[in-house]
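What follows is the residue order along each chain.
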Amino acid sequence: MSVDLAGFLGVVLLAYLVPGPDFLVILRSAGEHPATGRAAALGAQTGLCVHMLAAAAGLSLIATRSPVVYDSIKLLGAAYLVYLGTRAVLTARRHHARKTATDHPDNRTAPPGPNEPARGRWRAGFTEGLLTNVLNPKAALFFLSILPQFVHGDGSPAQQIFLLGTLDILIGVPYWFALVAVAARLRALLARPKIRHRWELTTGWLFIAIGLGIATTS
């Protein structure tokens, strides 16, 4: 079995360097907690496993040749991103309103609530990363349209797609973890109320914009 590894690795690295929904989800999750960011990264890579297996089995071909199936996946993914963005915007406004109320001289500062358990943070991050990737039709198209260009006819296409997809997934894990490490160093900065408020609003509106962009593109 022979594949064009050099060309494929170049395309994969370029794809990871271009920010997309996965990048935004992992970065935002890492800003909440490093463990949440790593969980989101593993969730996104698990989503790639789903796309890889679907492409190897030919399911992605069926989806892309059926406008109804493809459009349904696209709209579901767009709706999920809009949901994440709306939730982030509402959370930012709620936190801002709460801080404004507690800073009023007539009010006393309420004691902070308990932190979310580590297991809950991990589950939430993993789920967001997984759903964002699985519902992203561009990820499916990557495995369907890009990978076959590096597959040779002297071997099993399914096996070659599986090999290339596995390399893609393995390359992404250290890349995302490095991004999480960088974001973790900014947690102290993001902990400042004003910066945190602006960060949540910015990421929230970006989610909404990306979701609407996916929904409206043909």
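Below is a summary of the structure that appears in this document.

What counts and how
Residues numbered from 1 in each chain as written. Predicted model: local features only at pLDDT ≥ 70, side-chain atom pairs only at ≥ 80, totals over all residues. Heavy atoms only, no water. Helix = DSSP H or I, 4+ residues; strand = E, 2+ residues; numbered from the N terminus. Buried < 20%, exposed > 50% of the residue type's maximum accessible area, 1.4 Å probe, protein only. Contact = heavy atoms within 4.5 Å. Areas by Shrake-Rupley, 256 points an atom, 1.4 Å probe, with all protein chains shown as cover. Salt bridge = Lys/Arg side-chain N within 4 Å of Asp/Glu carboxyl O. Phe/Tyr/Trp six-rings, centres within 6.5 Å; stacked < 30°, edge-to-face > 60°.

1. Things to note about the overall build of the protein
Link 1 in the chain: Along the protein, the regular secondary structure elements total ten helices and zero strands.
Link 2 in the chain: For the protein, the N- to C-terminal ordering of α and β elements is α-α-α-α-α-α-α-α-α-α.
Link 3 in the chain: Relative to its 218 residues, the protein shows a buried fraction of 37%.
Link 4 in the chain: Of the contacts made within the protein by residues no fewer than 6 positions apart, 86% connect residues no fewer than 24 positions apart.
Link 5 in the chain: For the protein, the accessible surface area stands at approximately 12100 Å², while carbon and sulfur atoms represent 67% of it.

2. Things to note about the pattern of salt bridges
Link 1 in the chain: Tallied over the full model, the rule gives two salt bridges.
Link 2 in the chain: Here glutamate 128 ties to arginine 87 by a salt bridge, and the two come within 2.2 Å at their closest N and O atoms. A residue pair is termed long-range when its members are at least 10 positions apart, and glutamate 128 in helix H6 (residues 118-134) and arginine 87 in helix H5 (residues 67-102) qualify at 41 residues.
Link 3 in the chain: A relative accessible area of 32% means that arginine 87 is categorised as partly exposed.

3. Digging into the packing of aromatic side chains
Link 1 in the chain: Scanning the entire structure with this criterion turns up six aromatic pairs.
Link 2 in the chain: Judged by centre distance (5.7 Å) and plane angle (80 degrees), the ring pair of tyrosine 16 and tryptophan 176 falls under edge-to-face. In this pair, tyrosine 16 is assigned in helix H1 (residues 5-17) and tryptophan 176 in helix H8 (residues 157-185), connecting sequence segments 160 residues apart.
Link 3 in the chain: With a relative accessible area of 9%, tyrosine 16 lands in the buried category.
Link 4 in the chain: When the ring of tyrosine 80 is compared with that of tyrosine 83, the centres are 6.1 Å apart and the planes differ by 35 degrees; the resulting orientation is tilted. Separated by three residues within a single helix, tyrosine 80 and tyrosine 83 lie in helix H5, roughly one turn from each other.
Link 5 in the chain: Given a relative accessible area of 13%, tyrosine 80 falls into the buried group.

Any functional reading would require information beyond the geometric quantities listed.
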